[in-house]
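# Observations on the model geometry
As a plain string of letters, each chain reads:
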Amino acid sequence: MPNIKTAARDRVPLGQKAAFGAGHFVLNLLPGALGFFMFFLLTAFGMDPLYAGLLGALPRLFDALSDPIMGFISDNTKSKWGRRRPYIFIGAILSGILFALSWQMNPENSQMYNFWYFLILSILFLAGNTMYATPLVGLGYEMTSDYNERTRLMAFSNTMGQIAWMIVPWFWVIIADPQVYESQAVGVRHLSIIVGSICIVLGILPAIFCRGIDSANMENRKEITFKTLASNLKDLWYGIVQVSKNRPFTKLCGATFLVFNGFQMVAAFSVYIIVFYMYNGSYANAGTWPAWFSTITAVTTAFLVIPIISKMANKWGKRKAFIISTVISIIGYILKWWGFDNELNKSFNNTGFGQSLNEGVNVVFEFLNPLLESLGMSWFSIDTSQGSPWLIFMPIPFIAFGLGGLFTLMMSMTADVCDLDELENGMPRKEGTFGAIYWWMVKIGQSIALFLGGLVLKLVGFISDAETQTAETMHSLRIADILIPSITAGIAIWVMWKYSLSESRAREIKRLLVERRGEL
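Notes on the structure follow. This is a predicted model, so every value here is computed, not measured.

## A few points about the packing of aromatic side chains
- One pass over the structure, following the stated rule, counts 22 aromatic pairs.
- Ring geometry for W170 and W292: centres 5.1 Å apart, planes at 85°, overall edge-to-face. In this pair, W170 is assigned in the loop between α6 (147-167) and α7 (171-176) and W292 in helix α14 (residues 289-316), connecting sequence segments 122 residues apart.
- With 4.9 Å between their ring centres and 90° between their planes, F249 and F434 make a pair best called edge-to-face. Residue F249 is found in helix α11 (residues 247-265), and its partner F434 is found in helix α19 (residues 431-459); the two are separated by 185 residues along the sequence. The same class applies to F249 as to F434, namely buried.
- Chaining the aromatic ring pairs together yields one cluster made of F37, F99, W103, F118, F125 and F171.
- We note K318 situated over the ring of Y147; from NZ or CZ to the ring centre the distance is 3.9 Å.
- Of note, R478 hangs over the ring of W337, and the distance from its end group to the ring centre comes to 4.1 Å.

So, in structure tokens, the structure goes:
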């Protein structure tokens, strides 16, 4: 229904979109920084790989339990500041402080001291982050009741979230550069304080400027006290059961699980292929190309792909937009076979266009290098004098449709599902519970994907401490890098093929809700 205009009362003002987007920048920056910093547990603080693995896994068990609980608390909170905003404000401050504190370790401490210090602070950090993230997601679902404005809001916030992924790939380059920090431990401690401070400043903005539905007259909210703990747990379980019976929502979760975790399983493979296949195991020769690959992907997703997906959803509907964007991403995965081919990259560098591109980039960085060196940013430079693997960027505009479409559309569609749940099950609305369960599923799936990714590496014969890998190993790894996300994306299309919550149905549900309880 592309000709239906969004009512003025349903439009989210630009300032609120920017504040909500700042919150999503924090939602992406914190886990992104955490993922890159975890590498330095081994190299900067001398943590045994087994202990480092435990530090990655154990806090997630707590995180998996806390998400639905926080969603239930947020849905049923009674406050003059609303159901979500107090938690977002306090959670942003706690998340920033605890993230910075968790990395203030010293390599001279005993391994067990650092292990317990990091474990305890990580659990506390995840508690603060859950207090922040779950209500923020729920707030986004209720900021507008309009079918298309929900997509525009999620597209805007997802674009701002992608900015974090333009930054975090450079953390490992900066921390490991001896010209920037005297040691990796110093770099981790310093950057963690910067990241934590940014998260506090930007994280509180949604609590200050964003507005959700007026919940003053919302019925059937549960009283939350220590005396009602037993009944609260019972109500929480009942709410989870209701959510799990929502067919459209289970389809959204299933498709997200497949697309996102298919991508996550092979996310690190591109780095390994660049280093071990294209540069024969030399991290020095590979330079910053892995970081540039991640950054260009984020830039393309944010400023090219997400706006296109938003327009597709408004014109053809969210289900069709998801299917089309996922098909395009499969094309991108297949193109990686040629984009990462050494001979094709060599041939491209010998063409007139390739030579002009190398010369042009060289001229730019020859001009910038004195400035970069004066700023301590020499790590940002590119040397194209010996040729460059330009074709690795060829699949990016196609691949970016995968995750770019996934979270833009799925978060918008989950907001529609919340309306359906209210129609079928009444008040209170469960945006927090739906958001918590959706992201709980993402986190559990991510843990499974990381494990399966490691298993794939083992099956293809990848040896982590080897200077080089065999040709057979890299050939198998390149095939897995293409087949795994392509197959999971294909299954996701099948899951969503008969998704029933269309725009006409969503608008009908909204009309019935307004007739029943008025505008919120």
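Structure shown, so let's carry the discussion forward.
## Some thoughts on the packing of α6 against α14
- Between α6 and α14, the least distance of the axes is 8 Å, while the angle of their chain directions is 175°. As the angle between them shows, α6 and α14 are arranged roughly antiparallel. Contacts from N148, T151, R152, A155, N158, T159, Q162, W165 and M166 of α6 reach α14 at S294, T295, A298, V299, T301, A302, F303, I306, S310, A313 and N314.
- When the residues that make up the contact of α6 with α14 are grouped by side-chain class, the tally is nine nonpolar, 10 polar and one charged.

## Points about the side chain of T408
- On the secondary structure map, T408 appears in helix α18 (residues 396-425).
- Engagement of the side chain of T408 in a polar contact is seen with the side chain of N158, the distance being 2.9 Å.
- A polar contact of 2.8 Å, which involves the side chain of T408, links it to the backbone oxygen of G404.
- Discounting chain neighbours no more than four positions away, the residues touching T408 are T151, M154, A155, N158 and I306.

## Looking at the environment of K5
- Within the element layout of this structure, K5 appears in the segment before α1 (14-38).
- When its relative accessible area of 73% is taken as the criterion, K5 is described as exposed.

## Concerning the state of the cysteines
- Here the structure, examined in full by the defined rule, presents zero disulfides.
- We note that C210 lacks a disulfide partner, and the nearest cysteine sulfur, in C199, lies 16 Å from it.
- A relative accessible area of 0% places C210 in the buried class.
- In this model C253 remains outside any disulfide bridge; the closest cysteine sulfur is found in C418, 11 Å from its own.

## Observations concerning the pattern of salt bridges
- In total, this model carries 23 salt bridges according to the counting rule given.
- For E431, the salt bridge goes to R84, with nearest N and O atoms at 3.2 Å. Here E431, found in helix α19, pairs with R84, found in the loop between α3 (49-76) and α4 (85-102); they are 347 residues apart in sequence, far enough to count as distant.
- Looking at R84, the relative accessible area reads 1%, which means it is buried.
- Linking R152 and E149 is a salt bridge whose minimum nitrogen-to-oxygen distance equals 2.8 Å. Here R152 pairs with E149, and both are found in helix α6, just three residues apart, close to one helical turn.
- With a relative accessible area of 23%, R152 lands in the partly exposed category.
- Members of the salt-bridge network, linked through shared partners, are D75, R83, R84, E142, R150, K318, D416, D419, E422, R429 and E431.

## Considering the environment of A506
- Structurally, the position occupied by A506 is in helix α21 (residues 503-517).
- Judged by its relative accessible area of 11%, A506 is buried.
- A506 has contacts with Y147 and L501, leaving out every residue within four places of it along the chain.

## A few points about the packing of α11 against α18
- Two elements in contact, α11 and α18, have axes separated by 10 Å at closest approach and are oriented at 165°. In this view, α11 runs roughly antiparallel relative to α18, as classed from their interaxial angle. Handedness of the crossing formed by α11 with α18: left-handed. Counting all contacts with α11, which are made through P248, F249, L252, A255, T256, V259, F260 and F263, the residues of α18 involved are G402, L403, L406, F407, M410, M413, T414, V417 and L420.
- The residue makeup of the contact of α11 with α18, split by class, is 14 nonpolar, three polar and no charged.

The rules behind the values
Residues numbered from 1 in each chain as written. Predicted model: local features only at pLDDT ≥ 70, side-chain atom pairs only at ≥ 80, totals over all residues. Heavy atoms only, no water. Phe/Tyr/Trp six-rings, centres within 6.5 Å; stacked < 30°, edge-to-face > 60°. Helix = DSSP H or I, 4+ residues; strand = E, 2+ residues; numbered from the N terminus. Buried < 20%, exposed > 50% of the residue type's maximum accessible area, 1.4 Å probe, protein only. Lys NZ or Arg CZ within 6 Å of the ring centre and 35° of its normal. Axes fitted to C-alpha atoms, helices over the stretch in contact; angles between N-to-C directions. Parallel < 35°, antiparallel > 145°, perpendicular 65-115°, else oblique. Contact = heavy atoms within 4.5 Å. Nonpolar A, V, L, I, M, F, W, Y, C, P; charged D, E, K, R; others polar. Polar contact = N/O pair within 3.5 Å; in protein donor to acceptor, adjacent residues only side chain to side chain. Disulfide = S-S within 2.5 Å. Salt bridge = Lys/Arg side-chain N within 4 Å of Asp/Glu carboxyl O. Left-handed = near helix turned anticlockwise from the far one by under 90°.

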